Amino acid sequence: PELEGIDPTSPEGQEKIRVVMQKRMEVEAPKIRQRMAENQANQHAELNKQMAMTQEEFDAIKPLLIVVENLRSQKGLVDNNAARSMAGGAFGGGNRGRNNFFNPQMMLGNTKLDPTVTEIQESAKALKSLVDDKQTNATELTSAVARLRKARDGFTAALDKAQKDLRAVLTPQQEALLVDRGTLE
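Everything numeric here is computed off the predicted structure, so don't read it as measured data.

What counts and how
- Residues numbered from 1 in each chain as written.
- Predicted model: local features only at pLDDT ≥ 70, side-chain atom pairs only at ≥ 80, totals over all residues.
- Heavy atoms only, no water.
- Helix = DSSP H or I, 4+ residues; strand = E, 2+ residues; numbered from the N terminus.
- Buried < 20%, exposed > 50% of the residue type's maximum accessible area, 1.4 Å probe, protein only.
- Contact = heavy atoms within 4.5 Å.
- Areas by Shrake-Rupley, 256 points an atom, 1.4 Å probe, with all protein chains shown as cover.
- Expected span 1.5 Å × (residues − 1).
- Bend = angle between axes of the 7 residues up to and from the residue.
- Axes fitted to C-alpha atoms, helices over the stretch in contact; angles between N-to-C directions.
- Parallel < 35°, antiparallel > 145°, perpendicular 65-115°, else oblique.
- Left-handed = near helix turned anticlockwise from the far one by under 90°.
- Nonpolar A, V, L, I, M, F, W, Y, C, P; charged D, E, K, R; others polar.
- Salt bridge = Lys/Arg side-chain N within 4 Å of Asp/Glu carboxyl O.
- pLDDT = per-residue confidence, 0-100.

With respect to the overall build of the protein chain
Piece 1. Within the protein chain, the secondary structure is distributed over seven helices and zero strands.
Piece 2. Counting from the amino terminus, the protein chain carries its helices and strands in the arrangement α-α-α-α-α-α-α.
Piece 3. Burial statistics for the protein chain: of 185 residues in total, 34% are counted as buried.
Piece 4. Of all intrachain contacts in the protein chain linking residues separated by at least 6 positions in sequence, the fraction that spans at least 24 positions is 57%.
Piece 5. Accessible surface for the protein chain amounts to roughly 11,100 Å². Of this, 53% is attributable to carbon and sulfur atoms.

What follows is the structure, given as structure tokens:
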């Protein structure tokens, strides 16, 4: 009802849609975070069984596991290219402009965005602004594309390190399980 009669192709219509979606996300985000936390706890309990670890052993690797999971899900919240580059991540994606409707921090609660993810978000927004501005010159576009690629490379390096740290404490069987699950590459 709030969007009835709105022209989604006009700038005013797009802004109205953005505002309505932002309000909806503000209401729904706490419920979504709660379901995500419950889902993660259930997945971790199942994973602990599959890995045949004691609770103490699983608790020791859990922080490393959570770092990898958080990086994957955070990138999925801000990067339109996440579905293609992070198959098996916690959040699907690839919808152009989907991150324009809400602040991803709403989905994270008290968890801060990783600096590499923040850089992807900021550089992607800058590139989008330049793409939308018909007065943008080739040099500006080239620079913005390079900045976004550098940000994605920084993220990849951070994820690679987090995965390496996790792999270092796993048996081959446990590593294979996490690769099969899509947590590790």
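The structure having been displayed, the exposition proceeds.
Comments concerning helix 2 (residues 55-78)
Piece 1. The terminal C-alpha atoms of helix 2, which comprises 24 residues, lie 33 Å apart, in line with the 34 Å expected from a rise of 1.5 Å per residue.
Piece 2. A bend of about 40° at Lys-62 is the largest found in helix 2, and the proline Pro-63 appears one to four places after it.

A few points about the side chain of Gln-121
Piece 1. Along the chain, Gln-121 turns up in helix 5 (residues 115-132).
Piece 2. The residues contacting Gln-121, other than those within four sequence positions of it, are Val-78, Pro-104 and Leu-113.

Observations concerning helix 5
Piece 1. Taking 1.5 Å of rise per residue, the 18 residues of helix 5 would be expected to cover 26 Å, and the 26 Å separating its terminal C-alpha atoms lies within 8% of that figure.
Piece 2. Inspection of helix 5 places Thr-116, Val-117, Ile-120, Gln-121, Ser-123, Ala-124 and Leu-127 among the buried residues, and these make up the whole buried set.

Points about the packing of helix 2 against helix 6 (residues 138-167)
If you want to describe how two helices pack, look at the angle between their axes and the distance between the axes.
Piece 1. It is at 9 Å that the axes of helix 2 and helix 6 come closest, and there the two elements cross at 155°. In this view, helix 2 runs roughly antiparallel relative to helix 6, as classed from their interaxial angle. Between helix 2 and helix 6 lies a crossing whose hand is left-handed. For the pair helix 2 and helix 6, contact is made by Ile-61, Leu-64, Leu-65, Val-67, Val-68, Leu-71, Arg-72 and Lys-75 and by Phe-155, Ala-158, Leu-159, Ala-162, Gln-163, Asp-165 and Leu-166, respectively.
Piece 2. Class assignment of the residues belonging to the contact of helix 2 with helix 6 gives a composition of eleven nonpolar, one polar and three charged.

Points about the pattern of salt bridges
Piece 1. If you walk through the whole model with that rule in mind, you get ten salt bridges.
Piece 2. The residue Arg-147 makes a salt bridge to Glu-119 at a minimum N-O spacing of 2.8 Å. Of this pair, Arg-147 sits in helix 6 while Glu-119 sits in helix 5, and the two are 28 residues apart along the sequence.
Piece 3. You can call Arg-147 partly exposed: its relative accessible area is 34%.
Piece 4. Across the pair Lys-128 and Asp-132 runs a salt bridge whose closest N-O atoms are separated by 2.8 Å. Taken together, the positions of Lys-128 and Asp-132, both in helix 5 and four residues apart, correspond to about one turn of that helix.
Piece 5. One network of salt bridges, with partners in common, ties together Glu-119, Glu-122 and Arg-147.

A few points about the packing of helix 5 against helix 6
Piece 1. Between helix 5 and helix 6, whose axes approach to 9 Å, the crossing angle comes to 160°. When the axis of helix 5 is compared with that of helix 6, the two are roughly antiparallel. Considering only the axes of helix 5 and helix 6, their crossing is left-handed. Contacts from Thr-116, Val-117, Glu-119, Ile-120, Glu-122, Ser-123, Ala-124, Ala-126, Leu-127, Leu-130 and Val-131 of helix 5 reach helix 6 at Glu-140, Leu-141, Ala-144, Val-145, Arg-147, Leu-148, Ala-151, Arg-152, Gly-154, Phe-155 and Ala-158.

Here's the deal with the confidence of the model for the protein chain
Piece 1. In this model, the protein chain carries an average pLDDT of 85, and 88% of its residues clear a pLDDT of 70 or more.
Piece 2. When pLDDT is averaged over each element of the protein chain, helix 6 comes out on top at 96 and helix 3 (residues 82-85) at the bottom at 48.

Here we look at unusual backbone geometry
Piece 1. One non-glycine residue, Ala-52, adopts positive backbone phi at about 55°.
Piece 2. Turning to its location among the elements, Ala-52 is positioned in the loop between helix 1 (11-51) and helix 2.

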